[in-house]
Amino acid sequence: MRMPALGTQFPLLEMIHVRKGTAGRAPDDHVHDNEVIGVVLLKRYLKNISSRIPEKPPHRSPGDVKPEIETRETKRNSYIVRSSHRDVTMENIQVMGVKCLPLIHAGDDIAQMICDHIPLQDGDILCIASTIHSKAKGCTKKLSAIIPTKRAERLAKTNGEDPRFVQAVLDASADIIMEQPFILSEMAFGHIGVRAGVDQSNIEDGMVIFLPADPMKSAQELQEEVKMICGRDVGIIITDTCGRSFRRGQTGHAIGWSGFTAIRDFRGDTDLFGHVLKITEEAVADEIAGFANFVMGESNNGVPAVVFRNCPKWTGHDNLYFRNDEDITKKVLKKEWSHERQ
Ligand code: GDP
Ligand code: MN
Ligand code: MN
């Protein structure tokens, strides 16, 4: 039996059910509603796949010669038959958006607030929007308190932005990679982002929100706080909505994480055909952050935390950011800009 192309064989997740969200309402509006807005059951397509796979070897007529040697084809079939005996519901991932949290202010204990709103379980992955972590920690500034430098004035003119906002971006940046049509910069903790991830949304007029200075440390602290509060061992991802190269549209990215590795390392593993994978390192933390961002929504959804339950475990490493010598895109962009400035 010929297998379908890999893409159709493992379309990773199937959305079974989504309960109504809260789009269009301010966070304060739904204090009396159910706390968990979205329960999205995700199943691997293994069930469908196995239904297409024969449980028994195909019938042979008496004249058929059984192959003497184990070919790639027979090896593959034996693998497929074995896989059809697996528990077909091996993963049943639940995704729950946490609503009814109030507007967050400096000094708020977001770990406590989240634990009060949703009963966490061991093994859960709790995604938290960087924006509420920053607000809780006071990583915000009044624009009126920022005095722009000459450079900020110049870039504000070319990019059509408020010079005080540009100064905030420059202050948050460790290294400027590109200056226009928007600032693209690297932060001290390794993340590269448009306008250094400085936000003016979901905060009062005239204020800016900075990304946490050390999101890895923040994620670890949040993990310890959750453990202290409810005794549960959870993983944490601090997310931010980020733009991407080459593709239109923003997605959620993990900027800090704790409790698992950011990368699931497939190198050395074999595919369905026995080929050894040489370069596949799956950025699992970003994938989960991306789906969390979808459940959070942007603008006024009021869902700054999302819980993933029953995710499979993985192993890998935490080197999510390229080293300078590996990052081809950064090198090219920096070279381009050094030419522009000459
Ligand atoms: P970012 O992606 O970290 O920059 O955060 P966003 O501004 O996109 O917000 C992510 C989600 O959190 C959206 O659903 C927002 O409506 C929600 N949100 C942002 N700030 C607050 C807040 O203070 N309280 C509540 N309850 N939700 C918030
Ligand atoms: Mn943001
Ligand atoms: Mn966002």
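Residues numbered from 1 in each chain as written. Chains lettered and ligands numbered in written order. Predicted model: local features only at pLDDT ≥ 70, side-chain atom pairs only at ≥ 80, totals over all residues.

### Here's the deal with the overall build of the protein chain
The cut-off we apply is this: Helix and strand definitions here come from DSSP, where helices need a minimum of 4 consecutive H or I residues and strands a minimum of 2 consecutive E residues; each element is numbered from the N-terminal end. Three classes are used. A residue is buried when 20 or more other C-beta atoms lie within 10 Å of its own, exposed when 12 or fewer do, and partly exposed in between, with C-beta atoms placed from the backbone. Residues are scored as being in contact if the C-beta atoms we place from backbone atoms lie within 7 Å.
A count of helices and strands for the protein chain gives ten helices and 15 strands. The buried share of the protein chain, reckoned over its 342 residues, is 30%. Partitioning the contacts of the protein chain with sequence separation of at least 6, the portion at a separation of at least 24 is 65%.

### Let's talk about the confidence of the model for the protein chain
Going by this rule: Within a predicted model, pLDDT stands for the predictor's per-residue confidence, ranging from 0 to 100.
For the protein chain, the average pLDDT comes to 82, and 73% of its residues sit at 70 or higher. Residue range residues 1–70 is modelled with pLDDT below 50. Its contacts to residues more than four positions away, or to other chains, number 89 contacts. Note that pLDDT drops below 50 for residues 78–85; the model gives that stretch five contacts with residues more than four away or on any other chain.

### Digging into the nonpolar core
Going by this rule: Any nonpolar core is a set of buried residues, restricted to Ala, Val, Leu, Ile, Met, Phe, Trp, Tyr and Cys, that join up through C-beta atoms within 7 Å.
Grouped together as the largest cluster of nonpolar side chains are 61 residues, with contacts concentrated most on Leu 126, Cys 127, Ile 128, Ile 237, Ile 288 and Val 306. For Cys 127, the contacting residues outside a window of four places in its chain are Ile 237, Thr 239, Ile 288, Ala 289, Ala 292, Ala 305 and Val 306.

### Considerations on helix H4 (residues 110–117)
The line we're drawing: It is the directions from the helix axis to the C-beta atoms that the arc portrays.
Along H4, the residues that are buried comprise Ile 110, Ala 111, Ile 114 and Cys 115. When H4 is viewed along its axis, its buried side chains cluster within an angular range of 135° and face the same direction.

### Focus on unusual backbone geometry
With an omega of 10°, the peptide bond between Gln 180 and Pro 181 qualifies as cis. Structurally, Pro 181 can be placed in the loop between strand S6 (175–178) and strand S7 (184–186). Even without being a glycine, Ser 299 presents a positive backbone phi close to 50°. Here Ser 299 lies in the loop between helix H9 (284–296) and strand S14 (305–309). Look at Ser 299 and you get exposed, because 10 C-beta atoms sit within 10 Å.

### Here's the deal with the packing of helix H6 (residues 150–159) against helix H7 (residues 163–172)
The condition that has to hold: Every angle, taken between N-to-C directions, lies between 0 and 180 degrees, and every axis is a line fitted to C-alpha atoms, over only the stretch in contact when it is a helix. In a left-handed crossing the near helix is turned counterclockwise from the far helix by less than a right angle, and in a right-handed crossing that turn is clockwise. Gly falls in the polar group here, along with every residue not listed as nonpolar (Ala, Val, Leu, Ile, Met, Phe, Trp, Tyr, Cys, Pro) or charged (Asp, Glu, Lys, Arg).
Running from N to C, H6 and H7 cross one another at 115°; their axes reach a closest spacing of 8 Å. Seen along the crossing, H6 lies across H7 with a hand that is right-handed. Counted together, Arg 151, Ala 152, Glu 153, Leu 155 and Ala 156 of H6 and Pro 163, Val 166, Gln 167 and Leu 170 of H7 form the full contact between these two elements. A breakdown of the residues in the contact of H6 with H7 according to their chemical character gives six nonpolar, one polar and two charged.

### With respect to the sheet that holds strand S13 (residues 281–282)
Heads up, the condition is: Strand pairing is defined by DSSP finding a minimum of two bridges between the two strands.
Overall, antiparallel pairing links the three strands, which are arranged S13-S12-S15 in an open sheet. With one partner strand each, in any of the chains shown, S13 and strand S15 (316–317) form the two edges of the open sheet. Pairing between strand S12 (residues 263–265) and S15: two bridges, direction antiparallel. Along S15, the bridge assignment pairs Arg 264 with Gly 316.

### Some thoughts on the sheet that holds S7
If you walk across this open sheet you meet the three strands as S6-S7-S8, and the pairing is antiparallel. In this open sheet, the two edge strands, each paired with only one partner strand, are S6 and strand S8 (192–194). Looking at each pair of strands side by side, their axes are set apart by 30° on average, direction ignored. Where S6 meets S7, three bridges bridge the pair, whose relative direction is antiparallel.

### Topic: the environment of Asp 109
Mapped onto the secondary structure, Asp 109 falls in the loop between strand S3 (92–98) and H4. Assessed through the 13 C-beta atoms surrounding it within 10 Å, Asp 109 is described here as partly exposed. In the structure, Asp 109 is positioned 116 residues away from Glu 225 in sequence and 9.5 Å away in space, judged by C-alpha atoms.

### What to know about the pairing of strand S11 (residues 251–258)
Most of S11 sits out of view: seven of its eight residues are buried. The pairing of strand S10 (residues 235–242) with S11 spans seven bridges and is antiparallel. Counterpart to Cys 242 in the pairing with S11 is Thr 251.

### Considering helix H5 (residues 130–137)
In terms of burial, H5 is largely enclosed, as seven of its eight residues are buried. Regarding H5, the residues found buried are Ser 130, Thr 131, Ile 132, His 133, Ser 134, Lys 135 and Ala 136.

### Some details on the packing of H4 against helix H8 (residues 215–230)
Our working rule: For classification, angles of less than 35 degrees are called roughly parallel, those exceeding 145 degrees roughly antiparallel, those between 65 and 115 degrees roughly perpendicular, and all remaining angles oblique.
H8 packs onto H4 with a crossing angle of 50° between their chain directions and a minimal axis gap of 9 Å. In terms of axis orientation, H4 runs oblique to H8. The two elements H4 and H8 meet at a crossing, and its hand is right-handed. Contacts between H4 and H8 pair Ala 111, Gln 112 and Cys 115 from the former with Leu 222, Glu 225, Val 226, Ile 229 and Cys 230 from the latter. Across the contact of H4 with H8, the residue classes break down as six nonpolar, one polar and one charged.

### A short note on the environment of Cys 127
Position of Cys 127 among the secondary structure elements: in strand S4 (residues 125–129). Taking C-alpha positions, Cys 127 is 9.9 Å from Gly 256, a pair spaced 129 residues apart along the chain.

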